[in-house]
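So you can see what is in the structure, the chains are spelled out below.
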Amino acid sequence: MKLWVSALLMAWFGVLSCVQAEFFTSIGHMTDLIYAEKELVQSLKEYILVEEAKLSKIKSWANKMEALTSKSAADAEGYLAHPVNAYKLVKRLNTDWPALEDLVLQDSAAGFIANLSVQRQFFPTDEDEIGAAKALMRLQDTYRLDPGTISRGELPGTKYQAMLSVDDCFGMGRSAYNEGDYYHTVLWMEQVLKQLDAGEEATTTKSQVLDYLSYAVFQLGDLHRALELTRRLLSLDPSHERAGGNLRYFEQLLEEEREKTLSNQTEAELATPEGIYERPVDYLPERDIYESLCRGEGVKLLARATVRDPKTGVLTVASYRVSKSSWLEEDDDPVVARVNRRMQHITGLTVKTAELLQVANYGVGGQYEPHFDFSRSCGWWMKPVVNLGESCCLLQRPFDSGLKTEGNRLATFLNYMSDVEAGGATVFPDLGAAIWPKKGTAVFWYNLLRSGEGDYRTRHAACPVLVGCKWGFFLLLLPSSHVMSMQLVNAKAAGWKHSEIHRS
């Protein structure tokens, strides 16, 4: 297994090195930043040594001149009466002081700046910082962690100490604010105030925090608290122009609110009188079930070793997947062919009609929200099969140079290549099943029923990685022509029409 992992990782990095992409979606990719930062620190220390050597020379010259001028200025005529002193004064002002000027003007930072400029083109972007902040907030929501716990770095399974400063927490809140996420803005700005009140030093001021916080709670419908926070802001900074305008606006709204009936004024409010805010409802209907399983709550089926279940599974490429993947062909490395053969022996299915082996590495808070592995409609990568009905689609894979067209995704084989300290489970919300990653174990399931219809119970998700680095590879197996023929026979026997096979 170790040889498998090493070879697959080398092949994965070989492909990934040719691709420019965001950093936060892959811990493996982020390791490059560690070494880049280490190199920058070394370059900075070299600059400091050169700068210190230069300052040492300048300081030595200054001390020497201070002693000399103290003596010469005390009796200028008597000092210059000695012809050697007169010569040396002329020489110093004509030669030595200009030489000192050259020393002072030497740009000892040029090497460091040049190195920094080269490295900067590979630095994370604003998108990366926002993505990393969202990842922490995702972990916060999924595992029900309060900002204080995250700020103190009190996460299970960690072996390194990591804490968020006031300025770090302010950056989290500001990222949420810029994304229009006022719920998390409030949580993180309140954490900033707690750490400032505890006496932590920071460049962030309470005025800055209250400016963001007051508007965020207003957006959440808490007008009374927005007014109170704005008054606090003006008490700290009476000249804050925006706060003055907001105060007048909030007071006007509050006066209008008093004139309304009680039923009209509270219907749509999100905030409780205590200033506790509800997490907004999002697009995922099974969010609560999915996140409960990620926390290990309500699990009906639990496994850590290889699972073989013909009625479970799922996975598809989506924009809400926080990971990086690489597709490996058999001729990329001999180990890929060996892995394919072993999976063929384990599953009893041929890999000749399978998609390419895919290696994935999950990033900060890496996840893949609930999805199906089988295709439910003919997209741009699919093509209809006439003799099996208009709605039956064959998969034409854009990443496969052979462009095999053998049908919908029959089954999934998922292998975990690393242990994960906390989080990162694979869960099946409809079945109440959860499988936590353990290096060397695998999960196998069928995505399709005998008729060729997708098994909707196989909707599954990869939970966010709380602590650790999650590696895995999976193979999406497609049916051979024989299996497709059997699906047609089974479908007819079950009374299905051609057009109902693989329907969307």
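About the criteria used
- Residues numbered from 1 in each chain as written.
- Predicted model: local features only at pLDDT ≥ 70, side-chain atom pairs only at ≥ 80, totals over all residues.
- Heavy atoms only, no water.
- pLDDT = per-residue confidence, 0-100.
- Helix = DSSP H or I, 4+ residues; strand = E, 2+ residues; numbered from the N terminus.
- Contact = heavy atoms within 4.5 Å.
- Expected span 1.5 Å × (residues − 1).
- Buried < 20%, exposed > 50% of the residue type's maximum accessible area, 1.4 Å probe, protein only.
- Disulfide = S-S within 2.5 Å.
- Phe/Tyr/Trp six-rings, centres within 6.5 Å; stacked < 30°, edge-to-face > 60°.
- Lys NZ or Arg CZ within 6 Å of the ring centre and 35° of its normal.

## Let's talk about the confidence of the model for the chain
Then comes step 1: When pLDDT is averaged along the chain, the result is 79; 75% of the residues meet or exceed 70.
Then comes step 2: For the chain, per-element mean pLDDT is lowest for strand E2 (residues 307-309), which scores 32, and highest for helix H9 (residues 182-197), which scores 97.
Then comes step 3: When the criterion is pLDDT under 50, residues 1-21 qualifies, and its contacts beyond four places in sequence or with other chains add up to 39 contacts.
Then comes step 4: When the criterion is pLDDT under 50, residues 267-272 qualifies, and its contacts beyond four places in sequence or with other chains add up to 10 contacts.

## Quick notes on H9
Since the α-helix turns once every 3.6 residues, residues separated by three or four places project in the same direction.
Then comes step 1: In a regular helix each residue adds 1.5 Å, so 16 residues correspond to 22 Å; H9 covers 22 Å between its end C-alpha atoms and thus fits that length.
Then comes step 2: Restricting attention to buried positions, one finds in H9 the residues Tyr183, His184, Thr185, Val186, Trp188, Met189, Gln191, Val192, Leu193, Gln195 and Leu196.
Then comes step 3: In this fold, the buried residues of H9 make contact with helix H6 (126-142), helix H7 (147-151), helix H8 (166-178), helix H10 (206-219) and helix H11 (223-236).

## A look at the state of the cysteines
Then comes step 1: Enumeration according to the criterion identifies 1 disulfide in this entry.
Then comes step 2: Two residues share a disulfide in this structure: Cys294 and Cys463, whose sulfurs sit 1.9 Å from each other. Measuring handedness by torsion sign, the sulfur bridge of Cys294 and Cys463 sits at about -85° and is left-handed. Pair noted here: Cys294 is in helix H14 (residues 287-294) and Cys463 is in the loop between strand E13 (460-462) and strand E14 (465-467), with a separation of 169 residues, a long-range link.
Then comes step 3: A relative accessible area of 3% places Cys294 in the buried class.
Then comes step 4: In this structure Cys463 comes out as buried when scored by relative accessible area, which is 0%.

## A word on unusual backbone geometry
Then comes step 1: The backbone phi angle of Arg144 is positive, close to 50°, even though this residue is not glycine.
Then comes step 2: Among the secondary structure elements, Arg144 is positioned in the loop between H6 and H7.
Then comes step 3: The exposure class assigned to Arg144 is exposed, which follows from its relative accessible area of 61%.

## Description of the environment of Ala425
Then comes step 1: Locating Ala425 in the fold gives a position in the loop between strand E9 (422-423) and strand E10 (426-428).
Then comes step 2: We classify Ala425 as buried; its relative accessible area is 0%.
Then comes step 3: It is 6.2 Å that separates the C-alpha atoms of Ala425 and Cys294, two residues lying 131 residues apart in sequence.
Then comes step 4: When residues no more than four places from it in sequence are discounted, the contact partners of Ala425 are Ile435, Trp436, Pro437, Ala461, Ala462, Cys463 and Lys470.

## Observations concerning the packing of aromatic side chains
Then comes step 1: Scanning the model with the defined rule gives 16 aromatic pairs in all.
Then comes step 2: Their ring planes at 75° and their centres at 6.4 Å tell us that Tyr182 and Tyr215 sit as a pair that is edge-to-face. You can see Tyr182 sitting in helix H9 and its partner Tyr215 sitting in helix H10, a full 33 residues away along the chain.
Then comes step 3: Ring geometry for Phe444 versus Tyr446: centroids 5.2 Å apart, planes at 75°, classification edge-to-face.
Then comes step 4: A relative accessible area of 22% means that Tyr446 is categorised as partly exposed.
Then comes step 5: Taken together, the aromatic side chains of Phe170, Tyr177, Tyr182, Tyr212, Tyr215, Phe218, Tyr249 and Phe250 make up a single cluster linked through ring pairs.
Then comes step 6: If you follow Arg287 out to its NZ or CZ, it ends over the ring of Tyr283, 6.0 Å from the centre.
Then comes step 7: Lying over the aromatic face of Tyr362, Lys470 brings its terminal NZ or CZ to 4.7 Å of the ring centre.

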